[in-house]
Amino acid sequence: MAQKEIQIKEVLSDEIVKKVKFKVKKFDPEKDDKPYYAEYDVPVWRGMTVLDGLLYVKEDLDGTVNFRYSCRMGICGSCGMFINGKPRMACMTQILELGTDVIEIAPLPNLDNIRDLVPDSTPFFEKHRKVKPYLIRQDVKEQENPIGEYYQTPEEHEYYSQFSFCIKCSLCYAACPTAASDPEYLGPQALAQAYRYSVDTRDEGFEERVMVVDDPHGCWRCHYAGACSEVCPKGVDPAKAIQLLKGLILKYRLGLKKKRKGAGVIPAHPRPGVKKAPKRTVVQED
Ligand code: FES
């Protein structure tokens with residue numbers, strides 16, 4: 001049988017296809033002076049991800065290895081790691097697709113390290129919060145006591161749809177050369193979210209957000225390296241969002257951006273053809 005056929009047959013079977021070496025960066029601040037790499041031999045079968053490999057290491061070889069994960073399906077954003085020199089989601093990275101026999105795994109750069117592969121994401125989420133990533137309405141009363149949904153057409157939804165896929169995994173932040181050199185830089189994730197909410201037709205908070213992003217450590221620090229968009233596991237393209245945000249700010253500063261009134265509220269009474277929602281099965285207590 002030709003070599004290629006043998007390879008394909010091996011890959012299609014449920015058997016172990018090969019063994020790879022996991023080189024995992026370890027660091028326990030209570031015991032170690034500096035980080036070091038520990039090596040583990042991991043059997044690989046078809047469909048196995050780097051996260052599966054790490055779980056194998058933890059369960060069968062070394063229970064002290066620390067890493068974050070939750071959903072195992074690219075949704076929660078918690079398994080971001082520096083795998084073979086690139087920020088990737090461990091649960092979305094197929095070992096066989098890496099095409100190497102040695103897999104080096106380290107915590108995400110541009111964030112402090114808590115232990116082993118666990119980064120300290122606090123500054124990342126603080127920056128995210130800073131840009132007010134939620135709908136802001138001038139009528140606070142109406143926002144706090146909503147009486148219905150806001151109007152939005154499918155075309156208006158398209159303005160920001162792509163940028164709303166962010167899962168806050170911080171891969172873009174870890175890949176960003178500007179975040180590496182300026183710890184105060186807001187970073188691609190926060191800036192992309194600032195744009196996402198600013199072009200949402202239901203939002204009235206651009207003036208509040210612009211105070212944060214139009215700053216020496218805000219969107220003007222972006223040099224458009226594009227590394228953020230390259231590593232984003234959800235195709236959000238933060239680099240594009242930041243350039244669009246710059247345009248929005250310029251228009252605003254030149255007085256060319258019209259102050260927008262947020263979309264109105266759809267009357268709460270049932271619309272023709274729309275069924276009434278069923279009664280709640282669980283009543284919330286105050
Ligand atoms: Fe949730 Fe990987 S474990 S994204």
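Residues numbered from 1 in each chain as written. Predicted model: local features only at pLDDT ≥ 70, side-chain atom pairs only at ≥ 80, totals over all residues.

This paragraph deals with the domain arrangement of the chain. Along its sequence, the chain is organised into domain 1 (7–119) and domain 2 (122–253). Every contact between the two is made by 14 residues of domain 1 and, on the other side, 15 residues of domain 2. Looking at which element gives the most residues to the side of domain 1 that touches domain 2, the answer is strand β4 (residues 86–89), with four residues. For the side of domain 1 that touches domain 2, the class distribution of residues is eight nonpolar, four polar and two charged. (Domains from an automatic or database assignment. Contact = placed C-beta atoms within 7 Å. Helix = DSSP H or I, 4+ residues; strand = E, 2+ residues; numbered from the N terminus. Nonpolar A, V, L, I, M, F, W, Y, C, P; charged D, E, K, R; others polar.)

For the rest of this paragraph, the subject is the sheet that holds strand β5 (residues 102–106). Spatial strand order, β2-β1-β5-β3-β4: five strands in an open sheet with mixed pairing. With one partner strand each, in any of the chains shown, β2 (36–45) and β4 form the two edges of the open sheet. When the angles between neighbouring strand axes are averaged without regard to direction, this sheet yields 35°. Note that strand β1 (residues 16–26) and β2 share 10 bridges and pair antiparallel. Along β2, the bridge assignment pairs Lys25 with Tyr37. The sheet strands contacting helix α2 (residues 50–61) are β1, β2, β3 (80–83) and β5, and the helix crosses β2 at an angle near 110°. (Pairing = 2+ DSSP bridges. Axes fitted to C-alpha atoms, helices over the stretch in contact; angles between N-to-C directions.)

Positive phi outside glycine occurs at Lys132, with the angle close to 55°. Residue position: Lys132 is located in the loop between α4 (122–130) and α5 (140–144). You will see that Lys168, though not glycine, has its phi angle at about 55°, which is positive. Residue position: Lys168 is located in the loop between α6 (154–158) and α7 (171–175).

Turning next to the packing of helix α9 (residues 188–198) against helix α10 (residues 206–213). Here α9 crosses α10 at 165°, and the two axes come no closer than 10 Å. When the axis of α9 is compared with that of α10, the two are roughly antiparallel. α9 and α10 meet at a crossing whose hand is left-handed. Two secondary-structure elements touch here, α9 through Leu191, Ala194, Tyr197 and Ser198 and α10 through Phe206, Arg209 and Val213. Split into classes, the residues belonging to the contact of α9 with α10 amount to five nonpolar, one polar and one charged. (Parallel < 35°, antiparallel > 145°, perpendicular 65-115°, else oblique. Left-handed = near helix turned anticlockwise from the far one by under 90°.)

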